[in-house]
Amino acid sequence: LAVWLDRGFVGPRCAELLGPRGQAAHEDVARYHGGTFPVVRVVDGDTLHLDAPDSTGQVTKVRLIGIDTPEMGWGNEERMYFAEEATAFARQSAFGRQVTVYLDEQVSSRDRYERLLAYIQLPDGRFLNEELLSEGFAYADLRFKHGYFRKYRQLEASARALKKGLWADIKPEQMPAWRQRRESGKDGNPE
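Residues numbered from 1 in each chain as written. Predicted model: local features only at pLDDT ≥ 70, side-chain atom pairs only at ≥ 80, totals over all residues. Heavy atoms only, no water.

## Thoughts on the layout of surface pockets
This is how it is decided: Lining residues are those with an atom within 4 Å of a point, where the points come from a 1 Å grid over the protein atoms alone and group into cavities, where a 1.4 Å probe fits but cannot get out, or pockets, open sets with protein on both sides within 12 Å along at least five of seven lines. Grid points are joined across faces, edges and corners, and a volume is the space filled by probe spheres set on the points. Only runs of H or I of at least four residues qualify as helices and only runs of E of at least two qualify as strands under DSSP, and these elements are numbered from the N terminus. Classification used: nonpolar for Ala, Val, Leu, Ile, Met, Phe, Trp, Tyr, Cys and Pro, charged for Asp, Glu, Lys and Arg, polar for all others including Gly.
Of the pockets and cavities examined, the largest pocket occupies roughly 790 Å³. Together, 30 residues line the largest pocket, and Arg63, Asp111, Tyr113, Arg115 and Arg143 are the ones closest to its centre. The set of elements that each furnish at least two residues to the lining of the largest pocket consists of strand S1 (36-44), strand S3 (60-64) and strand S4 (67-68). Looking at side-chain class alone, the lining of the largest pocket contains 12 nonpolar, five polar and 13 charged residues.

Quick look at the structure:
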């Protein structure tokens, strides 16, 4: 679908037929896919803001697709194990730099919070999503399929085997709830 959208096979009339989400995805592909933008804020390991006005505000909020990093615990939420380290790594890697955004044709371009779902390429060609996994700052997000699902599982397995980052000393109760259920087999889909 993204290829069709990118090449203009889906015209404005067809995009209308796809509904608001289809139109939004078409607009996101046209606006962001392959574009380069400065990172003006790193919220946590898997969420950052680009200096590009968006329909949701003065910046474009991006959620890195395919990974889940420990949450910083904003508001009343508790800070998770290894959240500070994951955030610091993302900040050191991306803050203040020009990054290139890539969308995934296999998933929606936005999450339920209207954040852009993307792969972020750093100026040196590495992908932030993959670096966070490889260095043990993130979990492969196994809840949702995407174009690099298998690769991301392998990157996490390698970091886990080498006890990198959070894998050096994590306890099951320190993992996100979705991961705890998966590890215990209670979600019906054990690893």
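From this point on, the discussion continues.
## Looking at helix H4 (residues 83-94)
For the record, the criterion: Given the number of residues in a helix, its expected span is that number minus one, multiplied by 1.5 Å. Working definition: with a 1.4 Å probe on protein chains only, accessible area under 20% of the residue-type maximum means buried, over 50% means exposed, and in between means partly exposed. Arc definition: directions from the helix axis to the C-beta atoms. Contacts between residues were defined by any pair of non-hydrogen atoms, one from each residue, lying within 4.5 Å.
In this model, H4 (12 residues) spans 16 Å end to end at C-alpha, consistent with the 16 Å of a helix rising 1.5 Å per residue. Those residues of H4 that fall on the buried side of the exposure criterion are Ala83, Ala86, Thr87, Phe89, Ala90, Ser93 and Ala94. On an axial view of H4, the arc spanned by its buried residues comes to 160°, and they lie on one face. Of the surrounding elements, those touching the buried residues of H4 are S1 and helix H5 (128-134).

## Comments concerning the pattern of salt bridges
Filter applied, for reference: Each reported salt bridge corresponds to a side-chain nitrogen of Lys or Arg within 4 Å of a carboxyl oxygen of Asp or Glu.
Counted according to the given criterion, the structure contains 15 salt bridges. Here Asp28 and Arg110 are joined by a salt bridge, their closest N and O atoms 2.9 Å apart. With Asp28 in helix H3 (residues 19-32) and Arg110 in the loop between strand S5 (98-102) and strand S6 (116-121), the pair connects residues that are 82 residues apart, well separated along the chain. A single burial state applies to Asp28 and to Arg110, both of which are buried. Between Arg79 and Glu84 there is a salt bridge, with the nearest N and O atoms lying 2.9 Å from each other. Classification of Arg79 as partly exposed rests on a relative accessible area of 40%.

Purely spatial values, then, with no claim about function.
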